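Observations on the model geometry
The residues making up each chain are set out below.
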Amino acid sequence: MAERVFHKSILRNEDPQILAGKAQYLDDIEIPGMLYAAFKRSDYAHARLKSIDVSEAKALPGVIGVYTAEDFGDLVKPGPLQVPPPTAIKGATYASRTIMPIVKDKVRYSGEPVAVVIAESRYIAEDACDFIYPEFEPLDAVIDLEKALQPGAPLVHEDLPSNEAAHVIQERGNYPEAAANADIVIKKKIYMDRVAAVALENRGIVVNWDDKAQMMTIWCGTQSPITLRNATATRMGLFENQVRVITPFTGGGFGPKINTSMPDDVLLTELAVRLNRPIKWYEDRRENFLATTSERDQVHYAEIALTKEGKILGFKDVFYHNSGAYDSYMMTVPLNTQTHTVSNYNIPSFYTEIFMVFTNEMVVTPVRGAGRPQGVFVMERMIDAAARELKMDVAEIRRINLIQPDAYPVSTGIIGQDFVEGVLDSGDYPTALAKVMEMIDYKKFREEIQPKARAEGRHLGIGICTFTEGTGVGPYEGAKITVGGNGKVSVATGVATQGQAHYTSFAQIAAEQLGVEVKDVKVITGDTGAFAWGAGTFASRGATVAGTAIHLAAVKVKNKALKLASQILETPESELELVGGFVQVADLPDKKISLGDLASKANPMRGTFPPGAEPGLEAVAYYGPPYGATGAGCMAMILDVDAETMKPKIERLVMVHDCGIPINPMVVEGQVHGGVQMGIGNAFFEKVFYDETGQLLTASFMDYLFPQATDMPPKMELGHTEIPSPLNPLGIKGVGEAGAIPTPAVFTQALEDALFDTGVEIMESNLSPSKVYTYVQKAKGA
Amino acid sequence: MTQLVKINVTVNGVSYEREVEPRLLLSDFIRHDLKLTGTHVGCEHGLCGACTILFDGESVRSCIMFAVMADRHTIETVESLGTPDHLHPLQEAFMEKHALQCGFCTPGFLMTLVDYLGDNKNPTDEEIREAIDGNFCRCTGYENIVEAVRLAAKKMAAHS
Ligand code: FES
Ligand code: FES
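Residues numbered from 1 in each chain as written. Chains lettered and ligands numbered in written order. Predicted model: local features only at pLDDT ≥ 70, side-chain atom pairs only at ≥ 80, totals over all residues. Heavy atoms only, no water.

1. Some points on the packing of helix α2 (residues 89-96) of chain B against helix α3 (residues 106-119) of chain B
All names here are of chain B. Relative to each other, α2 and α3 sit at 130 degrees, their axes nearing to 10 Å. Taken together, the axes of α2 and α3 are oblique relative to one another. The hand of the α2/α3 crossing is right-handed. Where α2 approaches α3, its residues Leu90, Gln91 and Phe94 are matched on the opposing element by Thr106, Phe109, Leu110, Leu113, Val114 and Leu117. Within the contact of α2 with α3, the residues separate by chemical class into seven nonpolar, two polar and no charged. (Axes fitted to C-alpha atoms, helices over the stretch in contact; angles between N-to-C directions. Helix = DSSP H or I, 4+ residues; strand = E, 2+ residues; numbered from the N terminus. Parallel < 35°, antiparallel > 145°, perpendicular 65-115°, else oblique. Left-handed = near helix turned anticlockwise from the far one by under 90°. Contact = heavy atoms within 4.5 Å. Nonpolar A, V, L, I, M, F, W, Y, C, P; charged D, E, K, R; others polar.)

2. What to know about helix α5 (residues 225-236) of chain A
Residue and element names in this part refer to chain A. Between its terminal C-alpha atoms α5 stretches 16 Å, which fits the 16 Å expected from twelve residues at 1.5 Å a residue. Listing the buried residues of α5 in full gives Pro225, Ile226, Leu228, Arg229, Ala231, Thr232 and Ala233. Buried positions along α5 lie against β11 (215-220), β12 (243-246) and α6 (263-275). Positive phi appears at Gly237, one or two residues downstream of α5, with a value of about 70 degrees. (Expected span 1.5 Å × (residues − 1). Buried < 20%, exposed > 50% of the residue type's maximum accessible area, 1.4 Å probe, protein only.)

3. Topic: the domain arrangement of chain B
Residue and element names in this part refer to chain B. As far as domains go, chain B holds domain 1 (5-80) and domain 2 (89-159). Each side of the interface is counted separately: domain 1 has 19 residues, and domain 2 has 13 residues. Together, the buried faces of domain 1 and domain 2 total about 1100 Å²; carbon and sulfur atoms form 59% of this surface. Taken together, the links from domain 1 to domain 2 amount to zero salt bridges. Run the count over domain 1 and domain 2 and you get five residue pairs in polar contact (both at pLDDT 80 or more). Those elements giving two or more residues to the side of domain 1 that touches domain 2 turn out to be β3 (52-55) and β4 (58-61). In terms of residue class, the side of domain 1 that touches domain 2 is made up of seven nonpolar, nine polar and three charged. (Domains from an automatic or database assignment. Buried area = accessible area lost by both parts, 1.4 Å probe. Salt bridge = Lys/Arg side-chain N within 4 Å of Asp/Glu carboxyl O. Polar contact = N/O pair within 3.5 Å; in protein donor to acceptor, adjacent residues only side chain to side chain.)

4. Regarding the domain arrangement of chain A
All names here are of chain A. You can read the domains of chain A as domain 1 (34-139 + 202-250 + 256-291), domain 2 (298-473 + 627-780) and domain 3 (474-623). Its C-alpha centre places domain 1 at a distance of 39 Å from the equivalent point of domain 3. On the domain 3 side, the residues contacting the 15 residues of domain 1 number 19 residues. Of the roughly 1200 Å² buried between domain 1 and domain 3, counting both surfaces, carbon and sulfur atoms make up 49%.

5. Some remarks on the sheet that holds strand β14 (residues 298-306) of chain A
Residues and elements named next belong to chain A. Here we have six strands laid out as an open sheet, ordered β4-β8-β16-β15-β14-β9, and mixed in their pairing. Each edge of the open sheet carries a strand with a single partner, namely β4 (93-94) and β9 (184-192). The sheet contact formed by β9 and β14 spans nine bridges and is antiparallel. Paired with Ile190 across the strands is His300, a residue of β14. Along the sheet face, helix α8 (residues 332-341) touches β8 (164-172), β14, β15 (312-324) and β16 (349-358) and points at about 165 degrees away from the line of β16. (Pairing = 2+ DSSP bridges.)

Right under this line is the structure:
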């Protein structure tokens, strides 16, 4: 029997190369004759571009060209929608106004490009930007989400009647009736503010047009190489196979790198052909804050209706979602908010209404969590408000409302980002809650530790929240597996990798079937020359959807190998097994043939080829789930708050999580760690701050606080419940966003509990010591 | 045209004589002139630590220095540590503790830590966190990096 390699913590194939500094990232790519691009960006958030003088910039030695909207002709039009509109939802209305490659007459966010410089070096290109003189007529900026919808508000898109980008209502049961029958109804206004994804590697692109071969090669750390290829080919009138997109090693994605048809890829592919020279653009950190998409700002008006025993009868949530200046990514984020607000609790009546709003801020697209943290924050804060009102324990009120483990599958009645009605496929939420309470010693904390600390004047608080993570959504992914003459295995899939260990976890899936060592499986992700079908890396779907396709392809290759070996070894297939790179007779391990020899024999050079046969030890498979697999979990946190400085210290953080059967538990824990860090940032350190004129005040690491090693808890104590998803043969669910989802809710709850003596109630995230101080002063009536 | 300045720099034991613009960042010199692309650039304003190198044996941020400042100095980059087949004990520890995901921050951590562990053979967890506080990582949440440093300290003690 071959050793099992699936569901095992195996060290990563990719690490030695990365650790030795030999992995190639985007800005490491140099091609002879390469030119460099820089963008001149608008300082205004909302303004008419009256004129632009580029003559001085053009005259600078080393500048090849300076281009404005008028140089791009027909290219200057709204780009394609990245995500379809919500037509699957009855009554939904929307206006699609997609990203423009360059400003023609009106600027809609600060940082929108008004010109692009191509020069012999990046230094010269950036110099030239300072010699470009645009003339603007400033307009009032649209910033406040609610004011934006009032009559008379300035319009981001003047051809629309208002700044409303979309409106969606979804409901189940009957909320007004639930509220009428309830013992109490609580209403609150809740905010979440904006965070940046802050992948440590900025965005960038290298384009090379080979005029003789009529082939374009694009290197880009995109999360969606196939979309980039297809959009480029369509726009340029090329066949898809004339464009090859290669994703090099990529320094983190976390959402924003999903976007294509952005100013950079649209304009630089055009200029690379026009100038017939390779072009590179690598964003700097300021540009990353200004002009790479970000997410989270929403304002919610929530209502919860309960019995006096704490049973939730209904929930109502009307919210405003900031779409930024354009809405190319449509409603993925706010729909995720809708589906994650009440998903893990038994709530018969639910009414949820989205107003999606255009503003003069950077475009909003998913950032790790993608709308889910907001839904969970709103729900969990409302449950805490109810517990306070009913004088109930916060863990107990959650326990009595959770969906029970025998209820699956549970239809939610709410349509999600994948445009199918939500179904919870599997899970066990009460066990996760119970485990977390045990791990953090909840009872002891409440009965002994906290009273003692309070008696000593310490402000020690606990938070405990539950959540779900919709993952692994459709439509589909595919994979091609090939055994080489060298006996090693190549796996190619369309999703791209930004650090999630796909080179190892995907290899484990293939190796498990083919009986080879994990290090002998070479995984190729995000190279359209190697595999050209699929949707991309988002919504924690790589492992679930592409992973399943890889499994299915590996099974096909295995069956091919068994069939051929059975002929050669003259042994029935049922007596053969794949072990250590060989197909061998189970009882006579000396009778065997190597996979490499089989691969060669599967590709006959002379003789006949039977009808219906396919050459090579190779197979392609595709997988599309009927709906996404839902992960879930519970998190608790103990905070020690210094009541003078309002600085919180995370004493303990415990999380129990279910992502089905983990392919590589070590990698899963790593994903959770990173997500939690982002969640902590979201709760307390990070905030993308636009002032009322639409100026971004946080465009560097001096102003945007990035969670550092000393900001984190001493240890993230993790537990798992492994409930296999019935939706795929491996039983896997995604995990990429789990850590980021509950953390702001838990943190805020623990903070309130720590400061209980002030009576403070905090209904927003993205806090800071000064903000907490203001809250406390207000609560004290000072 | 800007005047070029001649500099003499020893990087990873190799001495280079180059002509550079006075404004050329040391990080760009290392990455683009010398083609040692293991040193990464994450912010270019001295905060994230991705560009950390050893300058005369001390860890510094190469994005807030000019190449001309390296004239007649000695530099070590991540390429000086180990090869994929023969990793340095610190690199081994990072691999064994899953202390990297996308790996973009990793060279900066390694160069900060070879310097630090050279002076601090047996640091506590709090000391390790202080030592890496100036290096940003978005993927790992730092916990596995702390564990890797602990393991590396042991490995390096065994090697010496
Ligand atoms: S790139 Fe030098 S500190 Fe960030
Ligand atoms: S491993 Fe990605 S930033 Fe550290």
